[in-house]
Amino acid sequence: MSALSPHLRQATPVVAVRGEGVHLHGEDGRRYLDFTAGIGVTSTGHCHPRVVAAAQEQAGTLIHGQYTTVLHPPLRRLVDQLGEVLPAGLDSLFFTNSGSEAVEAALRLARQATGRPNVLVCHGGFHGRTVAAAAMTTSGTRFRSGFSPLMSGVVVTPFPTAFRYGWDEETATRFALQELDYTLQTISSPDDTAAIIVEPVLGEGGYVPATRAFLEGLRERADRHGFLLILDEVQTGVGRTGRFWGHDHFGVTPDILITAKGLASGFPLSGIAASAELMGKAWPGSQGGTYGANAVACAAACATLDVVRDEKLVDNAEAMGARLRAGLEAVAATTPAIGDVRGLGLMLASEFVTEDGGPDPETAARVQRAAVDEGLLLLLCGAWNQVVRMIPALVIDEAEVDAGLRAWSAAVEVGVTTQGATP
């Protein structure tokens, strides 16, 4: 008898048999509000009719047209459609399957283009589980332990995590930039630094948004020292934060942009974008892969971008995110165990703390489990898994936000009042 690895532990006990919009239907006959969206993947909701139709039509025509062997129409359409939403100047694309692969592609391009060995990463960032991506991940030891040595040439610098430091955002930003300058002076000289990679909002690190001054500071230093700014938009892209790209909140354009997750509404597709000049500095043969830009995934991505535009899902993410955040803040205002509510758009989180202000993963876990009983599916994040995050599909409406908040309020009450119970 074969079985799944025992370490593939599900966050909820639900066995999903059908999905529709922001709901999953379980084998138990219950309907659940899905505020996980497959970890931010089902941007247009489960089984959006236009995405389903596009995938079905493409599957009946061409499933796999390996894109270093032949081109296919969905790939051409996707390149054109992304050109309408990418920052000006990022006009060259390379596609692969997962976020980790795209991160490694960005790293390879940065090293080849600059001829420099080192990459700076921000403390708390998550960039994937493959060896190089895990080496760049510092959001938790669970992602990088037990298979050392990891890739060399990675240097960690602070992120302005104001709540963790106990500072205001201005102080945290000033500290992070000062420490970056110190790092460039003491560990990785600018002449050895190929790039700095950062998420506009830390994902697994606890849903901590960057600040405008911080990203502006990174852009200025990259320009001054001649290294590249890579923005990992795997989780923050395609409308998730109430802007099409997370960096749109901060007025900073990267040299390389990484995208995945919500790009194809559940089909595996990722990619990097850069200027044609920069992409042209990749070494011949360094970009490829068997399944990258799969025809069905590209068709689903084209339909996803159409839906995001036609249904104004970026605007909806901003509006519904504001409604959801107001409700989370109202619960937090009467719950001392919630130390912080933060995020952007429909990428929001509540951090649970002990009486002395330390991380409280036990209460966070109880609340997350209690939410399942209330019909609401949620995930944890943060270094200690002390943060409960909400990432519903961008199609969510007011009634669904309000239903989620009612379930959240009830789950918080259960999780907090049963403090001390065995998790």
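Caption draft 1: Main features of the environment of Gly205. Mapped onto the elements of the fold, Gly205 is located in the loop between β7 (193–198) and α8 (212–225). It is 22 Å that separates the C-alpha atoms of Gly205 and Leu394, two residues lying 189 residues apart in sequence.

Caption draft 2: Local environment of the pattern of salt bridges. With the rule as written, the count across this model stands at 17 salt bridges. With a closest N to O distance of 3.4 Å, Glu20 and Arg18 form a salt bridge. Look at Arg18 and you get partly exposed, because its relative accessible area is 44%. A salt bridge links Arg325 to Glu329, with the shortest nitrogen-to-oxygen separation between them at 3.0 Å. Taken together, the residues Arg325 and Glu329, both in helix α11 (residues 313–333) and four residues apart, mark about one turn of the helix. Assessed through its relative accessible area of 27%, Arg325 is described here as partly exposed. Classification of Glu329 as partly exposed rests on a relative accessible area of 39%.

Caption draft 3: Layout of the state of the cysteines. Evaluated as defined, the whole model comprises zero disulfides. Just so you know, Cys298 is unpaired, no disulfide at all, and the nearest cysteine sulfur is the one on Cys302, 6.7 Å from it.

Caption draft 4: Quick look at the packing of helix α7 (residues 169–186) against α8. Across the interface, α7 lies against α8 with an axial gap of 9 Å and an inter-helix angle of 20 degrees. The pairing of α7 with α8 is recorded here as roughly parallel in orientation. Crossing of α7 over α8 shows right-handed handedness. Contact residues: Thr173, Ala176, Leu177, Leu180, Asp181 and Leu184 in α7; Ala213, Phe214, Gly217, Leu218, Arg221 and His225 in α8. Classifying every residue of the contact of α7 with α8 gives seven nonpolar, three polar and two charged.

Caption draft 5: Main features of the packing of aromatic side chains. Inspection of the entire model under this criterion finds eight aromatic pairs. Judged by centre distance (5.1 Å) and plane angle (75 degrees), the rings of Trp167 and Phe175 are edge-to-face.

Caption draft 6: View of unusual backbone geometry. A cis amide bond links Ser148 to the next residue, Pro149, at an omega of 5 degrees. Within the element layout of this structure, Pro149 appears in the loop between α5 (131–135) and β6 (154–157). With phi around 60 degrees, Tyr207 is a residue other than glycine that occupies positive phi space. Since its relative accessible area comes to 0%, Tyr207 is described here as buried. Backbone geometry places Lys312, a non-glycine residue, at a positive phi of 55 degrees. Tracing the backbone shows Lys312 in the loop between α10 (295–310) and α11. Since its relative accessible area comes to 55%, Lys312 is described here as exposed.

Caption draft 7: Main features of the nonpolar core. One finds Leu78, Ile256, Ile258, Ile272, Leu324, Phe352 and Trp408 to be the most contacted residues of the largest nonpolar core, which totals 93 residues. A total of nine residues in this core trace back to one element, the largest contributor, which is α10. Residue contacts for Ile258: discarding those within four places in its chain leaves Ala102, Val103, Ala106, Ile197, Ile230, Leu231, Asp232, Glu233, Val234, Gly271 and Ile272. Membership of the second largest hydrophobic core comes to 30 residues, among which are Ala210, Ala222, Ala349 and Cys381.

What counts and how
- Residues numbered from 1 in each chain as written.
- Predicted model: local features only at pLDDT ≥ 70, side-chain atom pairs only at ≥ 80, totals over all residues.
- Heavy atoms only, no water.
- Helix = DSSP H or I, 4+ residues; strand = E, 2+ residues; numbered from the N terminus.
- Salt bridge = Lys/Arg side-chain N within 4 Å of Asp/Glu carboxyl O.
- Buried < 20%, exposed > 50% of the residue type's maximum accessible area, 1.4 Å probe, protein only.
- Disulfide = S-S within 2.5 Å.
- Axes fitted to C-alpha atoms, helices over the stretch in contact; angles between N-to-C directions.
- Parallel < 35°, antiparallel > 145°, perpendicular 65-115°, else oblique.
- Left-handed = near helix turned anticlockwise from the far one by under 90°.
- Contact = heavy atoms within 4.5 Å.
- Nonpolar A, V, L, I, M, F, W, Y, C, P; charged D, E, K, R; others polar.
- Phe/Tyr/Trp six-rings, centres within 6.5 Å; stacked < 30°, edge-to-face > 60°.
- Core = buried A, V, L, I, M, F, W, Y, C linked by side-chain atoms within 4.5 Å.

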